[in-house]
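# A structural walkthrough
The chain contents come next:
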Amino acid sequence: MSDTEQASPAPADDKKPASAAETELSKYKTAAEIIHGVTKKLVELAVEGAKIIDLCVEGDKLIEAATASVYTKSVKGAKVPRGIAFPTSISVNNALGAHIDGFAAVSAETLVVGATPDAPATGRRADVVKAAWHAAQLAMRTIKVGNKNWGVTDVVGSVAAAWDCKPVEGMLSCNQTQNVIDGKKRIILNPSEAQKRDFDTVTFAEGDVYGMDVLISSGEDGKARMEDSRTTIYQRDSTVTYQLKMKTSRAVFSEVQKKAGAFPFNVRALEDEKRARMGLQEAVQHSLVKPYEVIFTPAKTFVAGFHFTIALLPAGPLLLTHPPVWYKPELVKTEKELEDETLKSLLARNLRESKKSKKQKAKAMAMAEGKADAKEE
């Protein structure tokens, strides 16, 4: 989300040849470019009176068309899989994602329809958007090799508090690998006491890729709940095996595997939506497919979110997805600002240190060591 952090030196993973790591990074970046282009188009279309379903359908069409036009050559006689990594969803938790050969870039941002520099968003709407943007900026500066996941939890909570907001309770962010966007190394926001006790501590390592989801609520405690609302987004659980009994269930599950693979999908992407819903029931009951449940915050609260994909490379963190398309400081007007000097100092830093800065630090350390040696003599 920093305009200066899109450089792309090749990662050097101890477990992979340099060429393989470079290829993976290129696929992540291609997916990110596609998502950026689609998001720009959707932001243009997100005007008063536009239908959400129309925008979602258009977003998915654009992703499918863009991914179909890249990596078209077969590798060892097989087509490179590519397509939607997260179906376009426009709501409080809006998101979309693309993948190339299973390497996914997922992005999300919040916008206020109709806000302009002359008539910016104000009040609690503006507070949550500004808090979420700053929290995302500081989260990405905290996801660094050697740091722990609880550091991200703490910094997001501290930033949200500056605007009298709270992160949405229990929101998870996960590491990513090929064909996996919900890995086992995770970051949690605003955890309950039980979640704090049971949640694993993770140390960020070189080669990690994370999809970071920052959701901020104007509510007092950030709590959210499930209500009786039908979801349209599901994902296959590749760790579960079960022989489906119904013919319709088997046919639908086969279509899911073919069209979405390991990634989330929307039922509207399947050939017959009514038949798909019937077939998915058995798959969900036996955990072959898991629903993305719809959650709600209390009435009269606002929620804003930003999602980015970031890679931890030898040269430093690399933001794979692009900065938000819509967000600009002049579009949101708040009475509160970030006051904490430590957080402001962190926000002012580049995501990745420049070579010049690294050389200066190394020189300063060498001089300090030299002075220490001289004193000992």
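## Observations concerning the overall build of the protein chain
Summing up its helical and strand segments, the protein chain has nine helices and 14 strands in all. Across the 377 residues in the protein chain, those meeting the buried criterion constitute 44%. Considering only contacts within the protein chain whose residues lie at least 6 apart along the sequence, 75% involve residues at least 24 apart.

## Structural notes on the sheet that holds strand β2 (residues 95–100)
In space, the three strands of this open sheet follow the order β1-β2-β3, with antiparallel pairing throughout. With partners counted over all chains shown, the strands left at the sheet margins are β1 (82–89) and β3 (103–107), one partner each. Here the strands of the sheet are splayed against their neighbours by 10° on average, with no regard to which way each runs. The sheet contact formed by β1 and β2 spans five bridges and is antiparallel. Its bridge partner being in β2, R82 is matched across the sheet by I100.

## Here's the deal with the packing of helix α3 (residues 123–142) against helix α4 (residues 149–162)
Between α3 and α4, whose axes approach to 9 Å, the crossing angle comes to 155°. Between α3 and α4, the angle falls in the class roughly antiparallel. The two elements α3 and α4 cross, and the hand of that crossing is right-handed. Seen from α3, the contacting residues are A131, H134, A135, L138, A139 and T142; seen from α4, they are G151, V152, V155, V156, V159 and A160. Broken down by class, the residue content of the contact of α3 with α4 amounts to nine nonpolar, three polar and no charged.

## Side note on the side chain of K27
Tracing the backbone shows K27 in helix α1 (residues 18–45). For K27, the side chain forms a polar contact with the side chain of D101, separated by 2.6 Å. Not counting residues within four places of it along the chain, the set of residues in contact with K27 comprises Y71, I100, D101 and F103.

## What about the pattern of salt bridges?
In this structure the tally under the stated criterion is 13 salt bridges. The salt bridge partner of D127 is R124, with a shortest N-O separation of 3.0 Å. On the criterion of helical spacing, the pair formed by D127 and R124 is a turn pair, its members being three residues apart in helix α3. Residue classification places R124 among the partly exposed residues on the basis of a relative accessible area of 27%.

## Here's the deal with the nonpolar core
Counting 50 residues, the largest nonpolar core has I143, V156, M212, I216, F308 and W326 as the members making the most contacts within it. Every element with two or more residues in this core is listed here: α3, α4, β7 (209–217), β13 (303–313) and α8 (341–348). For this core, the leading source of residues is α3, giving 11 residues. Of all hydrophobic cores here, the second largest spans 15 residues; its members include I63, V80, I84 and L96.

## Things to note about helix α7 (residues 273–285)
An α-helical turn contains 3.6 residues, so a residue and the one three or four places further along point in the same direction. Relative to the 18 Å expected for 13 residues at 1.5 Å per residue, α7 spans 18 Å between its end C-alpha atoms, a close match to the ideal helical length. Largest kink in α7: about 25°, centred on G279. Buried within α7 we find A276, R277, G279, L280, E282 and A283. The secondary structure elements touched by the buried residues of α7 are β9 (233–236), α6 (247–259), β10 (265–266) and β11 (289–291). With a side-chain oxygen lying 3.2 Å from the backbone nitrogen of K274, the N-terminal cap of α7 falls on D272.

## What to know about the pairing of β7
When you tally the buried positions in β7, you get nine out of nine residues, the bulk of the element. Every second residue of β7 is oriented toward a common face, with V209, G211, D213, L215 and S217 on one face and Y210, M212, V214 and I216 on the other, all of them buried. Summarising the sheet, strand β4 (residues 166–167) and β7 pair through two bridges and their orientation is antiparallel. Each bridged residue has a counterpart across the sheet, and for P167 the counterpart in β7 is I216.

## Quick notes on the packing of aromatic side chains
Taken as a whole and assessed by the stated rule, the structure comprises seven aromatic pairs. Judged by centre distance (5.3 Å) and plane angle (70°), the rings of Y28 and F103 are edge-to-face. Pair noted here: Y28 is in helix α1 and F103 is in strand β3, with a separation of 75 residues, a long-range link. Each member of the pair, Y28 as well as F103, carries the same accessibility label: buried. With a centroid separation of 5.7 Å and an interplanar angle of 70°, the aromatic rings of W150 and F199 are classed as edge-to-face. Of this pair, W150 sits in helix α4 while F199 sits in the loop between α5 (193–198) and β7; the two residues are 49 residues apart in sequence, bridging distant segments of the chain.

## A closer look at α6
For α6, with 13 residues, the first-to-last C-alpha span of 18 Å sits near the 18 Å given by 1.5 Å per residue. Residues of α6 that are buried include every one of S249, V252, F253, E255 and V256, and no others. Here the buried residues of α6 occupy an arc of 155° about the axis, which is enough to place them on one side. Exposed side of α6, more than 90 degrees from the buried face: K247 and K258 are the residues found there. Where α6 is buried, its residues meet β9, β10, α7 and β11. Note on α6: the residue one or two positions beyond its end, G261, has a positive phi of about 60°.

## Topic: the packing of α6 against α7
Put simply, α6 and α7 touch, their axes get as near as 8 Å, and they point 100° apart. Taken together, the axis directions place α6 and α7 in an arrangement best described as roughly perpendicular. Residues T248, S249, A251, V252, E255 and V256 of α6 form the contact with α7, whose participating residues are R275, A276, G279, L280 and E282. Here the contact of α6 with α7 is composed, by residue class, of five nonpolar, three polar and three charged.

Rules and cut-offs
- Residues numbered from 1 in each chain as written.
- Predicted model: local features only at pLDDT ≥ 70, side-chain atom pairs only at ≥ 80, totals over all residues.
- Heavy atoms only, no water.
- Helix = DSSP H or I, 4+ residues; strand = E, 2+ residues; numbered from the N terminus.
- Buried < 20%, exposed > 50% of the residue type's maximum accessible area, 1.4 Å probe, protein only.
- Contact = heavy atoms within 4.5 Å.
- Pairing = 2+ DSSP bridges.
- Axes fitted to C-alpha atoms, helices over the stretch in contact; angles between N-to-C directions.
- Parallel < 35°, antiparallel > 145°, perpendicular 65-115°, else oblique.
- Left-handed = near helix turned anticlockwise from the far one by under 90°.
- Nonpolar A, V, L, I, M, F, W, Y, C, P; charged D, E, K, R; others polar.
- Polar contact = N/O pair within 3.5 Å; in protein donor to acceptor, adjacent residues only side chain to side chain.
- Salt bridge = Lys/Arg side-chain N within 4 Å of Asp/Glu carboxyl O.
- Core = buried A, V, L, I, M, F, W, Y, C linked by side-chain atoms within 4.5 Å.
- Expected span 1.5 Å × (residues − 1).
- Bend = angle between axes of the 7 residues up to and from the residue.
- Phe/Tyr/Trp six-rings, centres within 6.5 Å; stacked < 30°, edge-to-face > 60°.
- Arc of directions from axis to C-beta.

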